[in-house]
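The primary structure of each chain is shown beneath.
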Amino acid sequence: MADRPKGFKRLVTAGVILALLLVAGAAFVWRDDILRTRLDPKEPFQTYDPPPAPDYATNAAWALLPANPGAPSPTDPVADVFFVGPTTFDGGRHWNAPIDDAKADRLFRQVMAPNYAGPFVRVGRIFAPRYRQASLYTFMTLREDAKEARRFAYSDVVAAFRHYVANYNQDRPFVVVGVEQGGGLAARLLAEEVATNPKLKTRIAAAYLIQTVVPANSPPIPACIARDQPGCLAAWISVFESEPERAQAILDRSLVWDQDGQLVNLQGRVPLCFNPLLGAASNAPAPARLSLGAANATGLEWGARPAFLTRQVAARCEKGVLRVSRPKSSSLRPSGSWTDQRKAAAYNLFYADIEADAKARVGALETQRAAAPR
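Since the model is a prediction, treat every value here as computed from it, not as a measurement.

### Some words on the confidence of the model for the protein chain
For the protein chain, the mean per-residue pLDDT works out to 90, and 89% of the residues sit at or above 70. Counting interchain partners and residues more than four positions distant, the pLDDT-below-50 stretch residues 19-31 has two contacts.

### What to know about the sheet that holds strand β2 (residues 79-84)
One open sheet accounts for six strands, arranged β1-β3-β2-β4-β5-β6; its pairing is mixed. Only two strands of the sheet have a single neighbouring strand rather than two, namely β1 (62-64) and β6 (232-236). Taking each pair of neighbouring strands and ignoring which way they run, the sheet shows an average axis angle of 20°. Pairing between β2 and strand β3 (residues 124-129): four bridges, direction parallel. From the neighbouring strand, Phe82 faces β3, where its bridge partner is Phe127.

### Points about the sheet that holds strand β12 (residues 315-318)
Strand pairs in the sheet, formed through backbone hydrogen bonds, run parallel or antiparallel to each other. Read from one edge to the other, the open sheet built from three strands follows the order β7-β13-β12, with strand pairing classed as mixed. Across the chains shown, the open sheet's two edge strands, defined by having one partner strand only, are β7 (238-240) and β12. Each adjacent strand pair in this sheet contributes to an overall mean axis angle of 35°, direction not counted. With four bridges joining them, β12 and strand β13 (residues 321-324) adopt antiparallel strand pairing. In the strand pairing of β13, Glu318 is matched with Val321.

### As for the packing of aromatic side chains
This model, assessed by the stated rule, comprises 20 aromatic pairs. Centroid distance Phe45 to Phe152: 6.1 Å. Interplanar angle 65°. Geometry classified as edge-to-face. One end of the pair, Phe45, is in the loop between α2 (31-39) and β1; the other, Phe152, is in helix α4 (residues 144-169), with 107 residues separating them in the sequence. Residues Phe45 and Phe152 agree in their burial class; the two are buried. With a centroid separation of 5.5 Å and 70° between ring planes, the pair formed by Tyr56 and Trp62 is classed as edge-to-face.

### Some words on helix α5 (residues 181-194)
The terminal C-alpha atoms of α5 lie 19 Å apart, and with 14 residues this matches the ideal 20 Å at 1.5 Å per residue to within 8%. Of all 14 residues in α5, twelve are buried; the element is thus mostly enclosed. Among all positions in α5, only Gln181, Gly182, Gly183, Gly184, Leu185, Ala186, Ala187, Arg188, Leu189, Leu190, Glu193 and Val194 are buried.

### Structural notes on unusual backbone geometry
The phi torsion at Gln170 lies on the positive side, around 55°, for a residue other than glycine. Relative to the helices and strands, Gln170 resides in the loop between α4 and β4 (174-179). With phi around 55°, Lys319 is a residue other than glycine that occupies positive phi space. Note that Lys319 resides in the loop between β12 and β13. For Lys319, a relative accessible area of 66% gives the class exposed.

### Let's talk about the pairing of β6
For β6, the buried fraction is high: five of the five residues fall into the buried class. Going residue by residue along β6, you find Cys232, Ala234 and Trp236 tucked away on one face and Leu233 and Ala235 tucked away on the opposite face as well.

### Topic: the side chain of Lys147
Looking at where Lys147 falls in the secondary structure, it is placed in helix α4. One buried charged residue, Lys147, remains without a salt bridge, the closest side chain of opposite sign being Glu144 at 4.1 Å. Each residue touching Lys147, except ones within four places of it in the same chain, is listed here: Leu142, Leu255 and Leu263.

### Section: the state of the cysteines
Tallied over the full model, the rule gives two disulfides. Across the disulfide from Cys224 sits Cys232; the S-S distance is 2.0 Å. An S-S torsion of about 90° defines the bridge between Cys224 and Cys232 as right-handed. Given a relative accessible area of 0%, Cys224 falls into the buried group. For the protein chain, numbering the cysteines in disulfides from first to last along the sequence yields the connectivity 1-2, 3-4.

### Some thoughts on the nonpolar core
Phe83, Phe120, Val175, Leu349 and Phe350 are the most contacted members of the largest nonpolar core, which has 47 residues in total. For this core, the element with the most residues is helix α3 (residues 102-117), which contributes seven residues. If near-sequence neighbours (up to four positions away) are discounted, Val175 is found in contact with Asp80, Val81, Phe82, Phe120, Val123, Ala205, Ala206, Tyr208 and Val362. Membership of the second largest hydrophobic core comes to 36 residues, among which are Val157, Leu190, Ala207 and Leu209.

Conventions used here
Residues numbered from 1 in each chain as written. Predicted model: local features only at pLDDT ≥ 70, side-chain atom pairs only at ≥ 80, totals over all residues. Heavy atoms only, no water. pLDDT = per-residue confidence, 0-100. Contact = heavy atoms within 4.5 Å. Pairing = 2+ DSSP bridges. Helix = DSSP H or I, 4+ residues; strand = E, 2+ residues; numbered from the N terminus. Axes fitted to C-alpha atoms, helices over the stretch in contact; angles between N-to-C directions. Phe/Tyr/Trp six-rings, centres within 6.5 Å; stacked < 30°, edge-to-face > 60°. Buried < 20%, exposed > 50% of the residue type's maximum accessible area, 1.4 Å probe, protein only. Expected span 1.5 Å × (residues − 1). Lys, Arg positive; Asp, Glu negative; His and termini not counted. Salt bridge = Lys/Arg side-chain N within 4 Å of Asp/Glu carboxyl O. Disulfide = S-S within 2.5 Å. Core = buried A, V, L, I, M, F, W, Y, C linked by side-chain atoms within 4.5 Å.

Dropping the structure here:
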């Protein structure tokens, strides 16, 4: 009889543990649904009152801006970089982020800027506009409201770019960089502002659209198919080789801009796949020995050069997706909450490769411009 209470306690304990495991398992399986419900603004975009528009004539509207944007100094790099950052705003009450959202700004400064704008510090003066970015939620649903929020974000990016061209560029070579959401907005920017403007087209050294789906059969500017080729587009989405199902999920949910400025399904088209280790859109495999250096620059002071980790990853393009081997360093692995893991990674597997590639294309454009008849 004395053993029965102990046995009963063990049974209860086992039952509690089993229930907790079932709850944890259900939460893992339905984590996207749970996250979507939590981040949903629960208001139609048509009745939504968006945050105030940025004024790009003021410094407050720029996350990154040179000290004297309209007066480059002799010690500045010869080029400029127009950088459109990735999603840093989760969602909730707003479809689009206020440009002064403290949490979103902190994530940009501590994680996104060091890892993704950092490779371009030695390439050119960096101009990164704050914009009313579409929330993370808008990338987790195909609702028309979400598409409207993404189209709304573009209105800020194009306004910032036009202000940059009119007031700061001064006929200098420039590079366009976009990451994730920013990459999609930059793709539309290239198609509508650069590709259709002969003067701008001659100044663009390259465009890097990181973790961005761009149909290979209709890129906004020519694809980069050779090293040192100026005026071209390097775009890719990457997954680890051990996650083949993730590649298909990305393609199934990807929306791209059509000629009318609408977001449409990829519809079976193959994305452009630039391999940073090869410096070209190519299906050839790139072994890890070609890797110039991955980096985790999270938390570094702006402009500080991170320690490079060489030979960390091999990469190959397959059906429009860059398949990357798992890096050896633990600092180059996904971390943080499930919400954070839905955003751009807090490291850059191709940091040094992108830096070298951009420098070479700026140099090639400068050589080309110098040789052109005046």
